[in-house]
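Below, each chain spelled out in residue letters.
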Amino acid sequence: MPKWVYTFGDGAAEGRADMKNLLGGKGANLAEMSSLGLPVPPGFTITTEVCTAFYANNRNYPEGLREEAAKALKTVETQVGRKFGDPKNPLLVSVRSGARASMPGMMDTVLNLGLNEQTVSGLAEQSGDARFAYDSYRRFIQMYSDVVLGVDHYHFEEILDLYKEGHGYTLDPELSADDWKVLIEAYKAKVKEKLGQPFPDEVNEQLWGAIAAVFNSWHNDRARTYRRLHGIPESWGTAVNVQSMVFGNMGDTSATGVAFTRNPSTGEKKYYGEFLINAQGEDVVAGIRTPQSLTEEARLEAKSDLPSMETALPEIFAEVVQVFEKLEKHYRDMQDIEFTVQQGKLWLLQTRSGKRTAKASLKIATEMAKEGLITEEEAILRVDPSSLDQLLHPTLDPSAKRDVIAKGLPASPGAASGVIVFDSDEAERLAHSGTDVVLTRVETSPEDIHGMHAARGILTTRGGMTSHAAVVARGMGRPCVSGAGAIHIDMKDRTLSVGSRVLKAGDRITLDGSTGEVIAGAVPTVQPELSGDFGTLMEWADKIRRLKVRTNAETPLDARTARRFGAEGIGLCRTEHMFFDADRILAVREMILSENADQRRTALAKILPMQRKDFTELFEIMAGLPLTIRLLDPPLHEFLPQSEDDLKEVAEAAGVSMAVIRHRAEDLKEFNPMLGHRGCRLGISYPEIYEMQARAIFEAAHDVATHGDPIVPEIMVPLVATESELAILKGRIDEVAGDVARERGQELEYHVGTMIELPRAALRAGDIANVAEFFSFGTNDLTQTTFGISRDDAAHFLDDYLRAGIFEKDPFVSLDIEGVGELVSIAAERGRKTRPDIKLGICGEHGGDPASIAFCEKVGLDYVSCSPYRVPIARLAAAQAALAED
């Protein structure tokens, strides 16, 4: 029979750190810390396999679980010296989730479990502090009712606020034990009013209710959203950790805190975190009280009047520092640690590899490698390639004027401008319509995750550097300013105010997540500078990777940007994008609407010098690096005029009547143009188009080669399905190359290949390779034609497919390995069999997706090509893929 429960505590544990898949991240690390001899409150972990069985068995527990849990609880009672449900010496426990991947705040937690009318008296007598005992009881009723019973927490907050107001209290610590007793009865009455039955007093009923709530929370909306955003499979499930309670709210020698062994925003090797004296853990992140700094240096930087832990609890702080050093050295990574001090005794509640910004991730990885804590290869594997996106976009221009209206905590770096939005649903709706928004809240909760993801930036008036908003924003790469206490939010009127200044929903603001500034209006930005830690890691990655990384670019700006980010050539130059420029669209339309080849050639002669100039600029920027130019691909109707004025302009330029133009435009209409007269089919029907483009390429290459690096153009024919199509078009390209060589008096090296973007082309790749010197897999269209799904229309139903589990990921974002990937593998194998030295690359959007890049490494492609800002992502992902294949 499987083992469902694993115990930990008292210097021993049944689990280990490498058992995350079974025990979840939290359970595995609690076991590891226990085995290291660190002070961990005893407890036990119910495995992720129970979660899987729970859902597979219609939310019923597997046989033997209750017996194992009861036995583990007895072990905890022996270790702690207290008994669960004992009226005189009660054991209280916390019940927390713990998935194998960190999901902060996404699932449910219950603290102080085991309290009832009898045990609260025992806790009061045992602790010698009746106020503490009854405060703990009311906290438990509120949390359990919200999490387990479904009675919203705001009911209890309203009762508390009205009571304080009626008795002249401002802060919770002003309430006495007798006050809490009155409130406890009011809380219980509210539960009975809402549910029609009393709050549960039996401690085992409480325990199993909380365990079920944690398992049920694996499928709550916020957890589902978080898993979808972070690629966490639903099948993993969560573990449940039941742990003996320790209390940070037992007076001035007690405290609770959250700390990082290095700064998670900057990566600096400085302790970072917050704590509160005489508080429980949720008080630190909830923003109810202002947290205090751990170190004196941090207190001075924050200009806080509240004492740091270093000065308020110096002996405990010294012990905490020793623990930090031991854990970071043991795990060889920056740790995020939760701790409680109960009457002068330090207890560790959790450690995990800390969430961090991309900037911090780079610094921590490179500095740990330089310190000898990890290798360069491990440093490469430590940085999530997708997180580099945070570093590759503009920040606020330091010289620009800033109308700073308030300042909060710099919770997550970066900059964002957008309109003020006060609720998450509205943020998501506006973002989907193309509006940049800044989600503005008193404080965020896990229910806000969809709005946070939709927003450009997040602003809260409560909460510290480890609040929900701060942690989630850092993980998402969203700029965040938290704890901007000078701002007052009026949810009824949808306004925020600072003193007499009032801004309303829809007004634009800017956040500087690196300074904590909140600025009225939009502020100009500057491009990022990539050097230092970024340059170091990229240098290490470039030594490791095998795959070359090119870019998709057709403008000088994109080409220069990509070169700055380390692109090794252009893997896709879409020539049709050049045709839309205002100075040439008229000639393009004239060419399309021509009725014979002579008319088309007349119009194309006007376009030739413009195309030649385009290619000359790109060849010069690439300075001898490969440049793959795709000949005209889209259906011609895309270039046609739509307005009467545009039709008239084309008619005048062509010297024909409007009726002729309309008739020609009607002839070009297609029912399904994306599978119609496009790609190489245009070259077959209108060979003069490809001849003009080929001439422009060869003339530009000759011009640049005379005064610069030798140029070897790669000419790519799109949408080929048969060997014959490519053979005919390559013959015409070769003829143009010969003509230009004779005119210039010099031969030019060049290559002709094709885009594999149709299933038939993939299957007949062996034939096509008789003609093609390279294949570039156009996985955007290959995905469309394999699935029979239009990328432009898929948004209407893709979310339904993702939610239903039909697709694990959007196949247009991450390559479908089983279907599209198999076609790529077949084409690569058959192409190499015909032509062993054929060059193979990928140029769809998948070229910048780390999972797709790993597949490209596995099948042995030569390069990936992606948008300019994803070039560094691809470089790092290619290195990680190479290490994974070793």
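Fair warning: this is a prediction, and the values are worked out from it, not measured in the lab. (Residues numbered from 1 in each chain as written. Predicted model: local features only at pLDDT ≥ 70, side-chain atom pairs only at ≥ 80, totals over all residues. Heavy atoms only, no water.)

1. A closer look at the environment of Glu 377
As for its position among the elements, Glu 377 is in helix H15 (residues 376-382). Of the residues examined, Glu 377 reaches a relative accessible area of 34% and is grouped as partly exposed. When the C-alpha atoms of Glu 377 and Trp 540 are compared, they prove to be 7.8 Å apart, with 163 residues separating the residues in sequence. Excluding residues that lie within four positions of it along the chain, Glu 377 makes contacts with Ile 544 and Leu 883. (Helix = DSSP H or I, 4+ residues; strand = E, 2+ residues; numbered from the N terminus. Buried < 20%, exposed > 50% of the residue type's maximum accessible area, 1.4 Å probe, protein only. Contact = heavy atoms within 4.5 Å.)

2. What to know about the environment of Lys 345
By the element assignment, Lys 345 lies in strand E13 (residues 345-353). Along the sequence, Lys 345 and Thr 253 sit 92 residues apart, while their C-alpha atoms lie 8.7 Å from each other. When neighbours within four sequence positions are excluded, Lys 345 is seen to be in contact with Pro 39 and Thr 340.

3. Notes on the pattern of salt bridges
Applying the stated rule across the entire model yields 58 salt bridges. The residue Asp 135 makes a salt bridge to Arg 138 at a minimum N-O spacing of 2.8 Å. With Asp 135 and Arg 138 both in helix H5 (residues 130-149), this residue pair falls three residues apart, about one helical turn. Its relative accessible area of 4% is what places Asp 135 among the buried residues. Among the ionic pairs, Asp 734 bridges to Lys 730, the shortest N-O distance being 3.0 Å. Placement of both Asp 734 and Lys 730 in helix H28 (residues 723-744) is noted, with a separation of four residues, approximately one turn of the helix. (Salt bridge = Lys/Arg side-chain N within 4 Å of Asp/Glu carboxyl O.)

4. Examining the pairing of strand E33 (residues 839-842)
Looking at chain direction, strand E32 (residues 774-777) and E33 are connected through four bridges and run parallel. Following the sheet pairing, Phe 775 is matched in E33 by Leu 840. Where E33 and strand E34 (residues 863-866) come together, two bridges link them in parallel fashion. Looking at the pairing, Gly 841 lines up with Tyr 863 of E34. Considered for its hand, the β-α-β crossover made up of E33, helix H34 (residues 850-858) and E34 is right-handed. (Pairing = 2+ DSSP bridges. Right-handed = clockwise from strand over helix to strand, strands pointing away.)

5. Focus on the packing of H5 against helix H6 (residues 153-167)
At their nearest, the axes of H5 and H6 sit 8 Å apart, and the two run at 150° to each other. One finds that H5 runs roughly antiparallel with respect to H6. Of the residues in H6, those touching H5 at Arg 138, Gln 142, Ser 145 and Asp 146 are His 153, Phe 156, Glu 157 and Leu 160. Tallied by class, residues from the contact of H5 with H6 come to two nonpolar, three polar and three charged. (Axes fitted to C-alpha atoms, helices over the stretch in contact; angles between N-to-C directions. Parallel < 35°, antiparallel > 145°, perpendicular 65-115°, else oblique. Nonpolar A, V, L, I, M, F, W, Y, C, P; charged D, E, K, R; others polar.)

6. Considerations on the nonpolar core
Phe 619, Phe 698, Val 717 and Phe 775 are the most contacted members of the largest nonpolar core, which has 126 residues in total. Considering each element in turn, this core owes the most residues, 10 residues, to helix H27 (residues 687-705). For Phe 619, the contacting residues outside a window of four places in its chain are Gly 624, Leu 627, Ile 629, Ile 697, Ala 700, Ala 701, Val 704, Ile 711 and Pro 713. By size, the runner-up hydrophobic cluster in this structure holds 82 residues, among which are Val 95, Leu 175, Met 250 and Ala 455. (Core = buried A, V, L, I, M, F, W, Y, C linked by side-chain atoms within 4.5 Å.)

7. Thoughts on the sheet that holds strand E12 (residues 335-342)
Pairing is antiparallel in the open sheet, where five strands are placed in the order E11-E10-E9-E12-E13. Two strands in the sheet have a free side with no partner beyond their single neighbour: strand E11 (292-293) and E13. Summarising the sheet, strand E9 (residues 255-260) and strand E10 (residues 272-277) pair through six bridges and their orientation is antiparallel. Bridged to Thr 256 within E10 is Leu 276.

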